[in-house]
Amino acid sequence: MVLFYYIIFPGFLATFIAGGVASWIERKLTARIQTRVGPPFLQPFYDVRKLFIKEITIPEHSSRSIFMISPIIALASITVVATIVGLNLINPAYGFNGDLIVCVYLLLIPSLCVILGASASGNPLASLGASREMKLVLSYELAFWASLAVPVLKTNSIRFIDIIGFQALNGSIAGSLSGIIAFIVAIICIQAKLAKVPFDIPEAETEIAGGAYIEYSGPLLGFFKITQYMMLIVLPLFLLEIFWGPMNFSVGILKYLLLLTIIIMLENTNPRLKIDQAVKFFWFGLLPFGVISIILAIIGM
Amino acid sequence: MSKAAILSRSIWVFHFASAACNNCDIELIDALTPRFDLERFGIKLVGSIRHADCLLVSGIMNEKGATRLKFLYDIAPKPLAVVTFGSCGASGGLFTNSYNFYGPPDKIIPVDAYIPGCPPRPEAIIDGIVKVVKKLRNV
Ligand code: SF4
């Protein structure tokens, strides 16, 4: 049964398929904004299928084992988060004490894997991408934790089940002043976690040619692609669960689509920042709001 | 399903411009603009040869370009389609008698398709791509 949860539903397979659809929505909406027709519905799956018939090339000066294993670790960790977040949606009784904290730590691992893999590949552009990713992680992570402190302070618990239960009784956390500020901060932070424009600085297709992913090919790149698709599902659902509950099935999908649209709109209406601008933005622009929301939460607003 | 048919649904293109007069490169960018929208066919431009399924060569080959082209072909993950772009890529075009002309790309690496024209219009590019895709899918 546990294996079923991890591999089929709500773990790997279900999240992957949903993530592919979400990625199609993202590309289609982007295309419509630019008055294009956009890709066919199955395009994300065609891309992944194609990557799995390609050859794996390993750069000459790379550290072979780390280069090969980091995409797999990234995929494994996001699968665990998908399972925890998904099971909490279906039946919160599956949770355990501290699952919120475990999730936030596991969400960090894909970024670390990108850094590891890129540094292991021995390509100068990839190491540039890795160093940018590192700075980006250092800048958004504090603001993200600050925003997560609000639901934890309000419910006095680090379990999903208590947060969801609290919202079922008292209305969603985003309904309060501190909650809505923290929610907005968290949305901007997941934009950086998803490495979407304006925070796609580590990949920056047009300046460092795919950056961190530059040496990856075939199935290894496919694992990273699947990880990205799954992040597109897991991160918004994670935020919805702790900020904008309670959720039943149909309302949940509507809320998710709304959040996805916000992410896509942010992506399409902003230019890419430089890394120093991004660090400044998160530390001096966003973090103060996170602190304000914590103070508001403590005085009970 | 054959590998070629799978490949034909999602072609990521790496553009290698070797001493083109730049007109071909501009027309290629034209084909990616909203007006012609190559993403309809699952085609996109990538920045790294490791991600590429199609190596697009424009311009003539001189000595330096030829070694680079060979190197790119060697490190690219297979299966890989090689397409030359413009008259220059096909035969040398109006630079055939130039002092630095090394030879057309198909002297250096195997080429799968040619898109002729000086430069090819975006419509010609899309037509060429559709022909390649049809051939890959055997229809
Ligand atoms: S084919 Fe014509 S347009 Fe293209 S690079 Fe050659 S000379 Fe320029």
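Above this text sits the structure in question.
Let me sum up the structure you'll find in this document. Note that the coordinates shown come from a computational prediction; the quantities given were computed from them, not determined experimentally.

**Details of the site of the ligand**
Residues and elements named next belong to chain B.
Then comes step 1: What surrounds the ligand is the set A20, C21, N23, C24, G86, S87, C88, F95, G117, C118 and P119.
Then comes step 2: If you list the elements that add at least two residues to the shell around the ligand, you get α2 (23–31) and α4 (86–90).
Then comes step 3: When its residues are assigned to classes, the shell around the ligand shows seven nonpolar, four polar and no charged.

**Things to note about the environment of T83 of chain A**
Residue and element names in this part refer to chain A.
Then comes step 1: The topology assignment puts T83 in helix α4 (residues 64–90).
Then comes step 2: Expressed as a C-alpha distance, the spacing of T83 and V2, which sit 81 residues apart in the sequence, is 9.8 Å.
Then comes step 3: At 2.7 Å, the side chain of T83 and the backbone oxygen of T79 are in polar contact.

**Let's talk about the pattern of salt bridges**
Then comes step 1: Going through the model one piece at a time under the given rule, you end up with eleven salt bridges over all chains.
Then comes step 2: In this structure, R27 of chain A and E39 of chain B form a salt bridge, with 3.0 Å as the shortest nitrogen-oxygen distance. Linking R27 of chain A in helix α2 (residues 12–33) with E39 of chain B in the loop between α2 and β2 (44–45), this pair reaches from one chain into another.
Then comes step 3: Since its relative accessible area comes to 15%, R27 of chain A is described here as buried.
Then comes step 4: Residue classification places E39 of chain B among the buried positions, given a relative accessible area of 14%.
Then comes step 5: In the salt-bridge network here, residues are joined through shared partners; they are R27, R36 and D47 of chain A together with D37 and E39 of chain B.

**Description of the packing of α2 of chain A against helix α10 (residues 218–243) of chain A**
All names here are of chain A.
Then comes step 1: Their axes nearest at 7 Å, the elements α2 and α10 cross at an angle of 85°. By the angle between their directions, the pair α2 and α10 is classed as roughly perpendicular. Side by side, α2 and α10 meet where F12, T15, F16, A18, G19, G20, A22, S23 and E26 of the first sit next to I226, Y229, M230, L232, I233 and V234 of the second.
Then comes step 2: In terms of residue class, the contact of α2 with α10 is built from ten nonpolar, four polar and one charged.

**Topic: the pairing of strand β4 (residues 81–85) of chain B**
All names here are of chain B.
Then comes step 1: Within β4, five of the five residues are buried, leaving the element largely enclosed by the surrounding structure.
Then comes step 2: Of the two faces of β4, the one carrying A81, V83 and F85 and the one carrying V82 and T84 are both buried.
Then comes step 3: Relative to β4, strand β3 (residues 54–58) is paired through five bridges, and the arrangement is parallel. What sits directly across from S58, in β4, is F85.

**With respect to unusual backbone geometry**
Then comes step 1: In this chain, C118 of chain B is followed by P119 of chain B through a cis amide linkage whose omega measures -10°.
Then comes step 2: Here P119 of chain B lies in the loop between β5 (113–115) and α5 (122–137).
Then comes step 3: Phi is positive for T35 of chain A, which is not a glycine, with a value near 45°.
Then comes step 4: Its relative accessible area of 62% is what places T35 of chain A among the exposed residues.
Then comes step 5: A positive phi angle, close to 50°, is found at D37 of chain B, a residue other than glycine.
Then comes step 6: With respect to the secondary-structure elements, D37 of chain B resides in the loop between α2 and β2.

**Some remarks on the nonpolar core**
Then comes step 1: With 67 residues, the main nonpolar core has F144, F160, F238, L239, F243 and F282 of chain A as its most contacted residues.
Then comes step 2: With 14 residues, the top contributor of residues to this core is α10 of chain A.
Then comes step 3: In this structure, F238 of chain A is in contact with V85, L100, C103, V104, L107, F144, L148 and F160 of chain A, ignoring residues within four places of it in sequence.
Then comes step 4: Y216 of chain A together with F16, V82 and I109 of chain B belong to the second-largest nonpolar core, a separate cluster that totals 36 residues.

**What to know about the sheet that holds β2 of chain B**
All names here are of chain B.
Then comes step 1: Spatial strand order, β2-β1-β3-β4-β5: five strands in an open sheet with parallel pairing. Looking at strand neighbours, the two that pair on one side only are β2 and β5, the edges of this open sheet.
Then comes step 2: Summarising the sheet, β4 and β5 pair through three bridges and their orientation is parallel. Residue pairing across strands places V83 opposite A113, the latter belonging to β5.

**A closer look at helix α8 (residues 177–193) of chain A**
Then comes step 1: Counted at 1.5 Å a residue, the expected span for α8 of chain A with its 17 residues is 24 Å, and the 24 Å between its end C-alpha atoms agrees.
Then comes step 2: Looking one or two residues beyond α8 of chain A, the residue adopting positive phi is A195 of chain A, at roughly 55°.

Reading the values: the criteria
Residues numbered from 1 in each chain as written. Chains lettered and ligands numbered in written order. Predicted model: local features only at pLDDT ≥ 70, side-chain atom pairs only at ≥ 80, totals over all residues. Heavy atoms only, no water. Near = heavy atom within 4 Å. Helix = DSSP H or I, 4+ residues; strand = E, 2+ residues; numbered from the N terminus. Nonpolar A, V, L, I, M, F, W, Y, C, P; charged D, E, K, R; others polar. Polar contact = N/O pair within 3.5 Å; in protein donor to acceptor, adjacent residues only side chain to side chain. Salt bridge = Lys/Arg side-chain N within 4 Å of Asp/Glu carboxyl O. Buried < 20%, exposed > 50% of the residue type's maximum accessible area, 1.4 Å probe, protein only. Axes fitted to C-alpha atoms, helices over the stretch in contact; angles between N-to-C directions. Parallel < 35°, antiparallel > 145°, perpendicular 65-115°, else oblique. Contact = heavy atoms within 4.5 Å. Pairing = 2+ DSSP bridges. Core = buried A, V, L, I, M, F, W, Y, C linked by side-chain atoms within 4.5 Å. Expected span 1.5 Å × (residues − 1).

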